[in-house]
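# Topology and contacts: notes
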Amino acid sequence: MQTLWLSGAEWFAVLRIGLGLWWLESWRHKDKKDWFAGGGIRWAAGIAEKHRWTVVRSGFDLVVRPRPVAMAYVVAYAELALGLGLIVGFLTPIALICGLVLSLVYLVLMIHDVAEQGQNLMMALISLVALLGMGWQVWSLDSVLELFP
């Protein structure tokens, strides 16, 4: 692939690293004290209970609502792991798939909040492009360790 400045593989690595920084910022900006006390899950519960899709309401009630503190830790540390994994390029295909799924979950939950949709959709799109472009080929631990040839 011919480009003006970087190779195609390097541009996909730029996307991967930028997405990792975005996930790291999602983790960093959380008020951890309130978040781990269940504040974020309480906020999401308010959104889920008003959701027009029954599957979202019932799925939230089944999986998240019974364990708000545990789910707060899962969400926060998933964002941290995704950020770090994508920045250093470790287990990149797995991180990209997990990031795509998490972005789509956020997208579906927040379907009524137009302000959030741009971010979730862009993160999902970048995950998909970096995955299909094999964004782990350069500037990654995966390439150094030859994990995904």
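Located above this text is the structure these notes cover.
Residues numbered from 1 in each chain as written. Predicted model: local features only at pLDDT ≥ 70, side-chain atom pairs only at ≥ 80, totals over all residues. Heavy atoms only, no water.

## Focus on the overall build of the protein
Helices and strands together make up the secondary structure of the protein, namely eight helices and zero strands. Walking the protein from its N terminus toward its C terminus, one meets helices and strands in the order α-α-α-α-α-α-α-α. Among the 149 residues that make up the protein, the fraction classed as buried is 42%. Restricting to contacts in the protein with at least 6 residues of sequence separation, those with at least 24 account for 72%. Side chains of the protein give 11 positive and 11 negative charges; the mean places of these two sets differ by 9 Å. (Helix = DSSP H or I, 4+ residues; strand = E, 2+ residues; numbered from the N terminus. Buried < 20%, exposed > 50% of the residue type's maximum accessible area, 1.4 Å probe, protein only. Contact = heavy atoms within 4.5 Å. Lys, Arg positive; Asp, Glu negative; His and termini not counted. Charge placed at Lys NZ, Arg CZ, Asp CG, Glu CD.)

## Focus on the layout of surface pockets
A probe matching the size of a water molecule, rolled over the atoms, marks out where space remains unfilled. If you add up the space inside the largest pocket, you get close to 900 Å³. Around the largest pocket, the lining comprises 35 residues; the ones closest to its centre are Trp-35, Trp-43, Val-75, Tyr-106 and Leu-109. Elements with a minimum of two residues in the lining of the largest pocket: α1 (8–28), α2 (32–36), α3 (39–49), α4 (54–64), α5 (68–88), α6 (92–109) and α7 (114–132). Residue composition of the lining of the largest pocket, grouped by class: 22 nonpolar, seven polar and six charged. (1 Å grid on protein atoms, 1.4 Å probe; cavity = no way out; pocket = protein on both sides within 12 Å on 5 of 7 lines; lining within 4 Å. Points joined across faces, edges and corners; volume = space filled by probe spheres on them. Nonpolar A, V, L, I, M, F, W, Y, C, P; charged D, E, K, R; others polar.)

## Brief notes about the side chain of Glu-79
Following the sequence through the fold, Glu-79 ends up in helix α5. Accessibility expressed as a relative area gives 2% for Glu-79, which makes it buried. A distance of 2.7 Å separates polar atoms of two side chains, one belonging to Glu-79 and the other to Lys-30. If near-sequence neighbours (up to four positions away) are discounted, Glu-79 is found in contact with Trp-23, Leu-24, Ser-26, Trp-27, Lys-30, Leu-102 and Tyr-106. (Polar contact = N/O pair within 3.5 Å; in protein donor to acceptor, adjacent residues only side chain to side chain.)

## Observations regarding the nonpolar core
Formed by 29 residues in total, the largest nonpolar core has its most connected members in Leu-19, Trp-23, Phe-60 and Leu-96. The element that contributes the greatest number of residues to this core is α5, accounting for six residues. Setting aside residues up to four positions removed in sequence, Phe-60 forms contacts with Ile-41, Ala-44, Ala-45, Ala-48, Arg-65 and Pro-66. (Core = buried A, V, L, I, M, F, W, Y, C linked by side-chain atoms within 4.5 Å.)

## So, a nonpolar patch on the surface
On the surface, Val-88, Phe-90, Leu-91, Ile-94, Leu-141, Val-144, Leu-145 and Leu-147 cluster together into a nonpolar patch covering about 670 Å² of accessible area. When residues of the nonpolar patch are assigned to their parent elements, the largest contribution, three residues, is made by helix α8 (residues 141–145). By the secondary structure assignment, Phe-90 is in the loop between α5 and α6. On the basis of relative accessible area, Phe-90 is assigned to the partly exposed category, the value being 36%. (Patch = residues over 30% accessible without salt bridge, like charges linked within 9 Å, V, L, I, M, F, W, Y side chains within 5 Å. Areas by Shrake-Rupley, 256 points an atom, 1.4 Å probe, with all protein chains shown as cover. Salt bridge = Lys/Arg side-chain N within 4 Å of Asp/Glu carboxyl O.)

The values reported here are purely geometric and, on their own, carry no functional implication.
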